Amino acid sequence: MVDQRQIPWQLQFVEYNDYRDVAAAISDMVVRGAPAIGVSAAFGMALAARQSSAKYVGNLLDFLDVAAVILKKARPTAVNLAWAVDHMLALARDERFDRADDIREALLAEAQRLADADVATNKRMAEHGAALINDGDTILHHCNTGMLATVDYGTALGVIRMAHEQGKQIHVLLDETRPRLQGARLSAWECEQLGIPYDIIPDTAAGYFMRRGEVNLVLFGADRVAANGDVVNKIGSYQIAVLARENRIPCYSVFPTSTVDLSKANGDEIPIEERDPSEVRAPYGCAIVPETYHARNPAFDVTPQKYFAGLVTEVGVILPPFTERLAQAVERAQNELLRGE
Ligand code: MRU
């Protein structure tokens, strides 16, 4: 995988031979972004199966149960991680496998299939979302939701990329996204690669640009979406959604239906990761204040569903009211998957 901590200074690839190192790479944010960590964890499970020397199915399943717990603990908020690990575990337990090697082979093939499916899903979302962007629009974007945050192409940034590829003249304002600076470091790097016109802005400048009438649309991704359409995403998403409403600018979250967790009635039921406060005191080791100073570092927040003009998924743009329509979209996507579409 690409070591995202080195971007934009270096494009460095890292390889892992131990699933525990994959779990550490997810915790340390070598890889980050909900879809990317989901697929990484799926490959982590495939790797675990190869690491185990178990000859019998039962012993291999015991090993995989332990690997699943370790991988799932890596980060708590993005549902894609737990979803992918559980999905791989369920496949491994399928009764049709009577040889451990068959499970090893099936897990690797499934991880690759999930990776390929992620790219296809992103492109479908991008096509639906790009229809919301007009020629000449300026779009405010939060965090990084592009090719780095997914297997390829991206969710919200994928929508922007599609509009750009369609020849629309657009401009993007990239929130720098403190404290890990995913917007400034990663989204700006992606825009550089793709030739998309952009400016990085301090997170605190979003309201300034909106109030001046310089923003036509607000787009961000999601780490987990509750049944009612509340969106848990990178810290700071909530405040820009509220500012967008105040300034009558449409705000959309873009995510695959695999990011929806219908078991959570609303966003407040979703666990929010609180990361080490040293990331606030000294981002990337660059000390802003002495390390004895007090700080808090919630990594995500909840944007209540009422702030969204719509939710963009691979099966289309969902307009409010969301609860029933979101459940229908999830069902539709699952049926398409079963039919192999
Ligand atoms: O902490 P991160 O960088 O993993 O958070 C990422 C986000 O919040 C993204 O917006 C979300 O995962 C969607 S990415 C396609």
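Please refer to the structure higher up on the page.
Draft legend 1. Examining the site of the ligand more closely. Lining the immediate surroundings of the ligand are 18 residues, of which R32, Q182, D223, N233 and K234 lie closest. At 3.0 Å from an oxygen atom of the ligand is found a main-chain nitrogen or oxygen belonging to G33. Within the complex, 99% of the 420 Å² of free accessible area of the ligand lies under protein. The set of elements that each furnish at least two residues to the shell around the ligand consists of α2 (34-51) and β6 (231-234). When residues of the shell around the ligand are sorted by domain, at least three fall in each of domain 1 (19-122) and domain 2 (128-339).

Draft legend 2. Summary view of the sheet that holds strand β10 (residues 310-313). Judged by pairing direction, the sheet is mixed, and its seven strands sit side by side in the order β3-β2-β1-β4-β7-β10-β11 without closing on themselves. The sheet is open, and its two edges are formed by β3 (198-201) and β11 (316-318), each paired on a single side. Averaged over all pairs of adjacent strands, the angle between their axes in this sheet comes to 25 degrees, without regard to strand direction. Bridge count for strand β1 (residues 138-141) against strand β4 (residues 217-220) is three bridges, and the pairing is parallel.

Draft legend 3. Spatial organisation of helix α4 (residues 79-92). Between its terminal C-alpha atoms α4 stretches 20 Å, which fits the 20 Å expected from 14 residues at 1.5 Å a residue. Those residues of α4 lying buried are V79, N80, L81, A84, V85, M88, L89, L91 and A92. For α4, the secondary structure elements touched by its buried residues are α1 (19-27), α2, α3 (57-72), α5 (100-130), β5 (224-226) and β8 (260-261).

What counts, and where the lines are drawn
- Residues numbered from 1 in each chain as written.
- Predicted model: local features only at pLDDT ≥ 70, side-chain atom pairs only at ≥ 80, totals over all residues.
- Heavy atoms only, no water.
- Near = heavy atom within 4 Å.
- Polar contact = N/O pair within 3.5 Å; in protein donor to acceptor, adjacent residues only side chain to side chain.
- Areas by Shrake-Rupley, 256 points an atom, 1.4 Å probe, with all protein chains shown as cover.
- Helix = DSSP H or I, 4+ residues; strand = E, 2+ residues; numbered from the N terminus.
- Domains from an automatic or database assignment.
- Pairing = 2+ DSSP bridges.
- Axes fitted to C-alpha atoms, helices over the stretch in contact; angles between N-to-C directions.
- Expected span 1.5 Å × (residues − 1).
- Buried < 20%, exposed > 50% of the residue type's maximum accessible area, 1.4 Å probe, protein only.
- Contact = heavy atoms within 4.5 Å.

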